[in-house]
Amino acid sequence: MSEATVADTRRLNSKPQDLTDAYGPPSNFLEIDVFDPQTIGVGRNRFTTYEVRMKTNLPIFKLKESCVRRRYSDFEWLKNELERDSKIVVPPLPGKALKRQLPFRGDEGIFEESFIEERRAGLEQFINRIAGHPLAQNERCLHMFLQDESIDRNYIPGKVRQ
Amino acid sequence: MSFFSFGQTAEIDIVLNDAETRKKVEHKTEDGKKDKYFLFYDGETVSGKVNVTLKNPGKRLEHQGIKIEFIGQIELYFDRGNHHEFVSLVKDLARPGEMAQSQTFDFEFTHVEKPYESYTGQNVKLRYFLRATISRRLNDICKELEIVVHTLSTYPELNSSIKMEVGIEDCLHIEFEYNKSKYHLKDVIVGKIYFLLVRIKIKHMEIDIIKRETTGTGPNVYHENDTIAKYEIMDGAPVRGESIPIRLFLAGYEMTPTMRDINKKFSVRYYLNLVLIDEEERRYFKQQEITLWRKGDIVRKSMSHQAAIASQRFEGSASSEKALSQAKEEDD
């Protein structure tokens, strides 16, 4: 007699899945679009804003749909807040493009269409990466950035979840 | 080594009595190569012959004694000078004197205790070897024959499954289950991952086997981690209520039995690492230790009945009953 038994490789028993779970919308729905860049102001005081639209079914976000306007420095603010308060490694923002802000350029500098598009794509990637991070979702600054009309720079930093 | 052509030197050869019948196994050397060595188990007798062949015919070999030793030792790479011998047996083969011609000496180490398995690792080595020595005034003549020892176990009486619920509050809850906590080296890990809550975007899931070699004690403990296997078990995004099966065959991987605190010098432990990776390459993981043991290839008749009983206790399948009745028939 050789082996007593060949190894039993049958699957372990598992609960059958509820059909509403199987075919219903997933619980991890989160989509953020950064689009519609608008340059506001005249001359030296011009700046570009982007629409940041969020759709989600995550319970941690108070609003399931939100739409706000943000500029590049708002994204920078968010990055700094997260770097200071949370333990996460914050992904990089698209560049500040200081060279583009120098005078005597042949093109529109930071208001050049191709540059704005590049920046828009980078900001979209940035905010999606952050918003999906379980630890970043705890930070009040993220919720304010995504869902409040305007950013209150004098807010009290803190956590949303216990 | 003699600088001048006068004087005598000899060649030593150690030959085991059962060299023809004894099994050889592959074992890794320190530089990563694989060689074959004779395989021994705990309690087996090590016997053979030491052939001393004189190189220069006609000359005599003066010596201070000829002996053979059986040694089991642990060598820590960061402390090479100190060999920790846990088995040290010696047999004298010849008293100090002269050898006029080549000679053969018999030796036997009866029922030698070999408590640990041979192991060649990243920072430590445990080995067994025979060493024949011709002692001389200026320089000894030595020959070593390395052997490999395997430690065997039988099916453990208690082998509970590992079942646990883990996760990140409000983000990800899973329940993982592995069918056993103790696996033999040719076993199969059967398990499942059940998703209770999925609020992150998972891209895929894998299970890794990690080997951790620990050397040193107290403040000088050093862990060397090595990922032995990476096995993808899920590709795509799961939702709540989904069950992902695991079936991982261990025979394909180079592993050793779990070694705990060997002679208080080192440990080799194995962990299953369940890793979930989300869309943004973030990794969520849960490590769980498993015990690996070595099953004997030949089940001796008096043991087969025991082994069949033990396997019935934790598998409880129809095939075990058949094995049990078969074993009873054999014993009768």
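Residue indices follow the written sequence of each chain, beginning from 1 at its first position. Throughout, the order in which chains and ligands are written sets their labels, letters from A for the former and numbers from 1 for the latter. Residue-level local features of this predicted model are given only where pLDDT is at least 70; pairs of side-chain atoms are given and counted only at 80 or more, and the full residue set underlies all totals for whole chains, interfaces and linings. Side-chain measures here rest on the full set of heavy atoms in the structure, leaving out hydrogens and waters.

By the naming in an unreviewed UniProt entry, chain B is Vacuolar protein sorting-associated protein 26B-like, taken from Carassius auratus. UniProt positions are given in the numbering used here, feature names are shortened, and annotations may be inferred rather than shown by experiment. Quoted verbatim from the Sequence similarities (unreviewed entry) heading of the UniProt record, the comment on chain B is "Belongs to the VPS26 family."

Going by the annotation in an unreviewed UniProt entry, the name recorded for chain A is Sorting nexin-12 isoform X1, with Carassius auratus given as the source organism. UniProt, in the comment section headed Sequence similarities (unreviewed entry), describes chain A in these words: "Belongs to the sorting nexin family."

Asker: Describe the UniProt feature "domain: PX" (unreviewed entry) in chain A, listing the residues and the values that go with them.
Answerer: The feature "domain: PX" (unreviewed entry), as annotated in UniProt, sits at residues 28-152 of chain A in this numbering. Secondary structure elements follow DSSP: runs of H or I no shorter than four residues count as helices, runs of E no shorter than two count as strands, and numbering proceeds from the N terminus. Along residues 28-152 of chain A the backbone is 33% helical and 22% strand, and the end-to-end C-alpha distance reaches 28 Å.

Asker: Tell me about the environment of T151 of chain B, residues and numbers included.
Answerer: Residues and elements named next belong to chain B. Mapped onto the secondary structure, T151 falls in the loop between strand 12 (141-149) and strand 13 (162-168). Counting along the chain gives 111 residues from T151 to F40, while the straight-line C-alpha distance between them is 9.0 Å. Residue contacts for T151: discarding those within four places in its chain leaves P115, Y116, E117, P257 and R294. Note on contacts: a residue pair is in contact if any heavy atoms of the two residues lie within 4.5 Å.

Asker: Please set out the layout of surface pockets residue by residue, giving values where relevant.
Answerer: Residues and elements named next belong to chain B. Buriedness of a pocket was judged along seven lines, with at least five required to meet protein on both sides within 12 Å; pockets are open sets of points on a 1 Å grid over the protein atoms alone, cavities are sets where a 1.4 Å probe fits but cannot get out, and lining residues have an atom within 4 Å of a point. Grid points are joined across faces, edges and corners, and a volume is the space filled by probe spheres set on the points. One number sums up the size of the largest pocket: a volume of about 1200 Å³. Looking at the lining of the largest pocket, the element that brings in the most residues is strand 2 (residues 24-28), giving 4 residues. Partitioning the lining of the largest pocket into residue classes produces 17 nonpolar, 11 polar and 18 charged. Each domain's limits were defined by an automated method or a database of domain assignments. Lining the lining of the largest pocket are residues from two domains, each supplying at least three of them: domain 1 (10-149) and domain 2 (162-293). Charged residues are taken to be Asp, Glu, Lys and Arg, nonpolar residues to be Ala, Val, Leu, Ile, Met, Phe, Trp, Tyr, Cys and Pro, and polar residues to be all remaining types, Gly included.

Asker: Any details on the packing of helix 2 (residues 72-85) of chain A against helix 3 (residues 113-131) of chain A? Residues and values, ideally.
Answerer: All names here are of chain A. Only the stretch in contact is used when a helix axis is fitted, and all axes are lines through C-alpha atoms; the angle between N-to-C directions ranges over 0 to 180 degrees. Contact geometry for helix 2 and helix 3: axes closest at 12 Å, N-to-C directions at 30°. Here helix 2 lies roughly parallel to helix 3, going by the angle between them. When the axes of helix 2 and helix 3 are compared, the crossing they make is left-handed. Packed against helix 2, whose contacting residues are Y72, F75, L78, K79 and L82, the element helix 3 presents R119, L123, F126, I127 and I130 at the interface. Counted by class, the contact of helix 2 with helix 3 contains 8 nonpolar, no polar and 2 charged residues. Should an angle lie under 35 degrees it is considered roughly parallel, over 145 roughly antiparallel, and from 65 to 115 roughly perpendicular; all remaining angles are considered oblique. It is the rotation of the near helix from the far one that decides the hand of a crossing: anticlockwise by less than a right angle makes it left-handed, clockwise makes it right-handed.

Asker: Tell me what's going on with the sheet that holds strand 1 (residues 30-40) of chain A, and back it up with residues and numbers.
Answerer: All names here are of chain A. Taking strand neighbours across the sheet as the criterion, the 3 strands line up as 1-2-3 in an open arrangement whose pairing is antiparallel. For this open sheet the edge positions go to strand 1 and strand 3 (65-71), each flanked by a neighbour on one side alone. With strand direction ignored, the average angle separating the axes of adjacent strands in the sheet is 20°. Strands are labelled as partners when DSSP assigns at least two bridges between them. Where strand 2 (residues 47-56) meets strand 3, 7 bridges bridge the pair, whose relative direction is antiparallel. Paired with V52 across the strands is V68, a residue of strand 3. Sitting on the sheet, helix 2 touches strand 2 and strand 3, and the angle it makes with strand 3 is about 105°.

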